[in-house]
Amino acid sequence: MFRNARPCDADRCFEIETSAYEGDEAATREKIAKRIESYPQGFLVIEADGELVGFINSGCAHEVEMSDEEFKELVGHDPEASNVVIMSVVVAPAHQGKGLSKALMVEFVERMKRMGKTTIHLMCKEHHVPLYEKFGYGYIRPSASDHGGMAWHEMSMDL
């Protein structure tokens with residue numbers, strides 16, 4: 001059900017990413033491929049009935065600056081750093097509402113703990129803040145990022 005992404009998953013992940021995020025907020029296929037290649041340990045996919053239906057991808061940093069657009073291309077990423085930055089949490093629309101994003105998040109957090117990470121950071125839209133609070137993330141502040149022309153909110157979890 002869970003596994004790390006492989007290079008051959010890039011097309012399907014891009015398909016899911018663009019189905020769930022609006023316009024410029026979706027990562028390009030090239031960014032997704034680079035994230036898989038550069039840090040497969042931080043790119044967790046979930047399968048249902050043999051089909052890839054969702055994923056979480058991330059990078060790691062010693063100092064977290066959530067509004068750093070270059071980090072989305074893993075500029076400054078260090079796999080040994082203790083702070084994890086989630087870039088996408090997404091489940092294909094046909095598979096939403098089945099608890100898969102929760103399952104993905106729980107598995108991702110456990111994997112990051114086993115890897116010795118100390119915090120997980122993410123940005124989300126306002127309507128997702130309560131969801132991430134249920135997962136154990138604390139609200140930090142509105143983000144300086146205007147990624148995709150949207151308003152974002154920064155959250156984090158200590159592991």
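Up top is the structure these notes are about.
Cut-off values and rules
- Residues numbered from 1 in each chain as written.
- Predicted model: local features only at pLDDT ≥ 70, side-chain atom pairs only at ≥ 80, totals over all residues.
- Heavy atoms only, no water.
- Helix = DSSP H or I, 4+ residues; strand = E, 2+ residues; numbered from the N terminus.
- Polar contact = N/O pair within 3.5 Å; in protein donor to acceptor, adjacent residues only side chain to side chain.
- Expected span 1.5 Å × (residues − 1).
- Buried < 20%, exposed > 50% of the residue type's maximum accessible area, 1.4 Å probe, protein only.
- Contact = heavy atoms within 4.5 Å.
- Salt bridge = Lys/Arg side-chain N within 4 Å of Asp/Glu carboxyl O.
- Pairing = 2+ DSSP bridges.
- Arc of directions from axis to C-beta.
- Phe/Tyr/Trp six-rings, centres within 6.5 Å; stacked < 30°, edge-to-face > 60°.

*Asks:* Honestly, the side chain of Thr119 in this entry has me stumped. Any pointers?
*Replies:* Within the secondary structure layout, Thr119 lies in strand β5 (residues 119-124). Side chain to side chain, Thr119 and Asn83 meet in a polar contact 2.6 Å long.

*Asks:* I'm lost on helix α3 (residues 100-114) in this one. Help?
*Replies:* Residues spaced three or four apart along an α-helix face the same direction, because each turn holds 3.6 residues. Between its first and last C-alpha atoms α3 spans 21 Å; for 15 residues at 1.5 Å apiece the expected length is 21 Å, and the two agree. Of all the residues in α3, the buried ones are Leu100, Leu104, Met105, Glu107, Phe108, Val109, Arg111 and Met112. Count one or two residues on from α3 and you reach Gly116, which has phi positive near 85°.

*Asks:* Help me understand the environment of Ala10 in this model?
*Replies:* The residue Ala10 is located in helix α1 (residues 10-20) in this model. With 133 residues separating them in the primary sequence, Ala10 and Ser143 have C-alpha atoms 28 Å apart. In this structure, Ala10 is in contact with Arg29, Ile32, Ala33 and Ile36, ignoring residues within four places of it in sequence.

*Asks:* It is not clear to me how the pattern of salt bridges should be interpreted in this structure. Could you clarify?
*Replies:* Two side chains carrying opposite charge are able to pair once their charged atoms lie near each other. A complete count under the given rule lists nine salt bridges for this structure. Glu47 serves as the salt-bridge partner of Arg3, at 3.0 Å between the closest nitrogen and oxygen. Within this pair, whereas Arg3 is found in strand β1 (residues 2-4), its partner Glu47 is found in strand β2 (residues 43-48), the two being separated by 44 residues in sequence. Exposure remark for Glu47: the relative accessible area of 23% places this residue in the partly exposed category. The salt bridge involving Glu15 is made with Arg12; its shortest N-O contact spans 2.5 Å. Taken together, the residues Glu15 and Arg12, both in helix α1 and three residues apart, mark about one turn of the helix. Overall, the relative accessible area of 47% leaves Glu15 in the partly exposed class. Each member of the salt-bridge network shares a partner with another, and the members are Arg3, Asp9 and Glu47.

*Asks:* Is there a simple way to think about the pairing of strand β3 (residues 51-61) in this case?
*Replies:* Look at any regular strand and the pattern is simple: side chains alternate between the two faces of the sheet. Burial of β3 is extensive: 10 of the 11 residues sit out of reach of the surface. Note: β2 against β3, six bridges, orientation antiparallel. Its bridge partner being in β3, Ile46 is matched across the sheet by Gly54. The turn linking β2 back onto β3 is made up of two residues, and Asp49 within it adopts a positive phi angle of 55°. In the sheet, β3 pairs with strand β4 (residues 83-91) via eight bridges, with the strands oriented antiparallel. In the sheet register, Ile56 faces β4, and the bridge partner there is Val89.

*Asks:* Would you mind going over α1 with me for this structure?
*Replies:* What α1 keeps buried is the set Ala10, Cys13, Ile16 and Glu17. All buried residues of α1 fall inside an arc of 130° around its axis, so they share one side. Of the surrounding elements, those touching the buried residues of α1 are α2 (29-38), β2, β3 and β4.

*Asks:* Would you mind going over the packing of aromatic side chains with me for this structure?
*Replies:* Ring pairs (aromatic) are described by centroid distance and by the angle formed between their planes. The final tally for this structure, using the stated rule, is three aromatic pairs. Seen from their ring centres, Phe43 and Phe55 are 5.2 Å apart, and the 25° between their planes marks the pair as stacked. With a gap of 12 residues between them, Phe43 in strand β2 and Phe55 in strand β3 connect regions that are remote in the sequence. Here Phe43 matches Phe55 in class, with each residue buried. Ring geometry for Tyr132 versus Phe135: centroids 6.0 Å apart, planes at 65°, classification edge-to-face.

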